[in-house]
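Read off the chains here:
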Amino acid sequence: MDSKPHAGSGSTDKPARRGLALGIAGVGLVIAVALAELLTRLLLPAPSYRLGSAPANQLEGMLVPHPKRGYAMAPSFSASLERPGRKILIETNRLGLRDGGLDPRSEDFVALAVGDSFTVGFGVRAEESWPEQLEGLLQRSRSAGVEVVNAGVSGYSLRQIRATADELLEPTGARLLLVGAYPRAVERIANPYILHQGKLVHARALPFLQATDGGFLHSPYRNRFLRALHLRCARSFHFGYYLLRLPASVSARWKRFRKPPLDPHSARRSLEPLLVELERLARLARSRNLRAVVLLTSPQSSSGSFEARVRLFHRVVVEHGERLGLLVVDPLPRFQEEAAGAPVLRFEEDHHWNPLAHRLAAEVLAEQLLRHHLVPDENHPLQPEAP
């Protein structure tokens, strides 16, 4: 007699098959995630907060806290900075300036150069920076008794640059103020670099950072739970870190895509904080009975061009300077002529000016200073600035 299957066996097998399928799916998911994690670690950089390329983030002890400016270069500092194919000596004097010692008995005409990394000379030797090259050009002209003091500090906003001028004009005995202004970095005024655990980070990024050995981790999430989860993934689950970062990256790209092109009106609105600081610099110079001259600093792109935004920003600042009676020197036309579309005014690995760009900027500035009789020469002795 043939046996018949039990009536309930089919219903018993179905949960078993579902359990087996779920188990296989779970194992497959674990394998897939493990493979994704392996590929992420092989192909993508380890999660980290991208610190600026300033020497301060590469040379321990180069920066120290400052009560008014937030940070400054350490006095009497000396160290070598390794750059591709060259070693750069970074030395400061007793005032924390990348310049030689000041002789209070000297009768030279002193010009104080203030600015950010384009002034201090990031990536170039001290003698290759535009303040030093400008001094040499003026001394080789009819202005033998001219000294240009380099008081630039990497990462500074124009507000910090103004504070530097206010502090150093008297101790240096300066009779001319030269200001390196970087219009594209206008956001530093509201979101300055600050010194955090010896590194320069943006002030607004600080709540979203977590210290690690040798650096920081960063999460864009304002929600505390998501931020904590994202930072935990950054430590141990890189695939999860990049997966969680994806929505924020897409959102940021979408905002940039939807951003309307700049016109002169919107450019002026974007630059308003910088223009206000220029007005304050002009008032500071008048209160000290001296002239201020602004040198515009902007980098060349890796393609060899200069962004349309940069050209527009420069035009707005030059026009504003004219309204203030402030001489604004724009080396961009000379840069474009010299470069002819080739990326010859920057470093291959970095957008900062190379020695050639510093030399061209110094030449353009020297021409304007001599043309406007802002430095002494044998034919045009200087007159005191009207109060």
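The rules behind each value
Residues numbered from 1 in each chain as written. Predicted model: local features only at pLDDT ≥ 70, side-chain atom pairs only at ≥ 80, totals over all residues. Heavy atoms only, no water. Pairing = 2+ DSSP bridges. Helix = DSSP H or I, 4+ residues; strand = E, 2+ residues; numbered from the N terminus. Axes fitted to C-alpha atoms, helices over the stretch in contact; angles between N-to-C directions. Contact = heavy atoms within 4.5 Å. Phe/Tyr/Trp six-rings, centres within 6.5 Å; stacked < 30°, edge-to-face > 60°. Buried < 20%, exposed > 50% of the residue type's maximum accessible area, 1.4 Å probe, protein only. Parallel < 35°, antiparallel > 145°, perpendicular 65-115°, else oblique. Nonpolar A, V, L, I, M, F, W, Y, C, P; charged D, E, K, R; others polar. Core = buried A, V, L, I, M, F, W, Y, C linked by side-chain atoms within 4.5 Å. Salt bridge = Lys/Arg side-chain N within 4 Å of Asp/Glu carboxyl O. Expected span 1.5 Å × (residues − 1). pLDDT = per-residue confidence, 0-100.

### Some details on the sheet that holds strand β5 (residues 109-114)
Then, number 1: Strand order in this open sheet of five strands is β6-β5-β7-β12-β13, and the pairing throughout is parallel. Pairing within the sheet leaves two strands with one partner each, and these edge strands are β6 (146-150) and β13 (327-329). When strand polarity is set aside, the average angle formed by the axes of neighbouring strands in this sheet is 25°.
Then, number 2: Examined bridge by bridge, strand β7 (residues 176-181) and strand β12 (residues 291-296) share six bridges and lie parallel to one another. Of the residues in β12, the one forming a bridge with valine 179 is valine 294.
Then, number 3: The strands touched by helix α3 (residues 130-140) are β5, β6, β7 and β12; relative to β6, the strand with the most contacts, the crossing angle is about 180°.

### As for the packing of aromatic side chains
One pair of aromatic rings is described through two measures. These are the centre distance and the angle between the planes.
Then, number 1: For the structure shown, the criterion picks out seven aromatic pairs.
Then, number 2: The interplanar angle of 65° and the centroid separation of 5.3 Å between the aromatic rings of phenylalanine 118 and tryptophan 353 together place this pair among those described as edge-to-face. A residue pair is termed long-range when its members are at least 10 positions apart, and phenylalanine 118 in helix α2 (residues 117-120) and tryptophan 353 in strand β15 (residues 350-353) qualify at 235 residues. For the pair formed by phenylalanine 118 and tryptophan 353, the shared burial category is buried.
Then, number 3: By way of ring pairs, the aromatic residues Phe118, Tyr182, Phe306, Phe335 and Trp353 are connected into one cluster.

### Here we look at the packing of helix α4 (residues 158-172) against helix α8 (residues 272-287)
Then, number 1: Two numbers describe how α4 lies on α8: the axes approach to 9 Å, and their chain directions differ by 10°. Taken together, the axes of α4 and α8 lie roughly parallel to each other. The residues of α8 that touch α4, namely those facing Leu158, Arg159, Arg162, Ala165, Asp166 and Leu169, are Leu274, Glu277, Leu278, Arg280, Leu281 and Leu284.
Then, number 2: Looking at the contact of α4 with α8, its residues break down into seven nonpolar, no polar and five charged.

### Re the nonpolar core
Then, number 1: Of all hydrophobic cores here, the largest spans 54 residues; its most connected members are Leu112, Leu158, Leu177 and Leu278.
Then, number 2: Mapped by element, the contributors of at least two residues to this core are β2 (70-73), β4 (86-91), β5, α4, β7, α8, β12 and α9 (308-324).
Then, number 3: When near neighbours in sequence (up to four residues on either side) are disregarded, leucine 112 contacts Val149, Ala151, Ala165, Leu168, Leu169, Thr172, Ala174, Leu176, Leu177 and Leu178.
Then, number 4: Counting 34 residues, the second-largest nonpolar core is a separate cluster that includes Trp130, Val146, Phe306 and Phe335.

### Focus: the pattern of salt bridges
Once the charged atoms of two side chains with opposite charge are near each other, the side chains can pair.
Then, number 1: For the coordinates displayed, the defined rule picks out 15 salt bridges.
Then, number 2: Salt bridges sharing partners connect three or more residues here, namely Arg159, Arg162, Glu277 and Arg280.

### Observations regarding α9
Then, number 1: With 17 residues, α9 should reach 24 Å at 1.5 Å per residue; the first-to-last C-alpha distance of 25 Å fits that figure.
Then, number 2: Buried within α9 we find Val310, Leu312, Phe313, His314, Val316, Val317, His320 and Gly321.
Then, number 3: Residues of α9 that are buried in the fold lie against α7 (264-270), α8, β12, β13 and α10 (332-339).
Then, number 4: Following α9 by one or two positions, glycine 325 adopts a phi angle in the positive range, close to 70°.

### Details of the side chain of threonine 164
Then, number 1: Looking at the secondary structure, you find threonine 164 in helix α4.
Then, number 2: With sequence-adjacent residues up to four places away left out, threonine 164 is seen in contact with Arg69, Val114, Ala151 and Tyr156.

### Topic: the confidence of the model for the chain
Then, number 1: Overall, the prediction assigns the chain a mean pLDDT of 88, with 91% of residues at 70 or greater.
Then, number 2: Segment residues 381-387 is flagged for pLDDT under 50; beyond a separation of four residues in sequence, or across chains, it makes twelve contacts in the model.

### Here's the deal with the environment of serine 157
Then, number 1: With respect to the element layout, serine 157 can be found in the loop between β6 and α4.
Then, number 2: Exposure remark for serine 157: the relative accessible area of 4% places this residue in the buried category.
Then, number 3: Sequence separation between serine 157 and tyrosine 193 is 36 residues, and the spatial gap between their C-alpha atoms is 8.1 Å.
Then, number 4: In this view, serine 157 contacts Arg188 and Ile189; residues no more than four positions away in its chain are not counted.

### Some points on the pairing of β5
Then, number 1: Counting buried positions over the six residues of β5 gives six, a clear majority of the element.
Then, number 2: Residue alternation in β5 divides its side chains into two sets, Phe109, Ala111 and Ala113 and Val110, Leu112 and Val114, and both sets are buried.
Then, number 3: For β5 and β6, the ladder comprises five bridges, and the chain directions are parallel. In the strand pairing of β6, alanine 111 is matched with valine 148.

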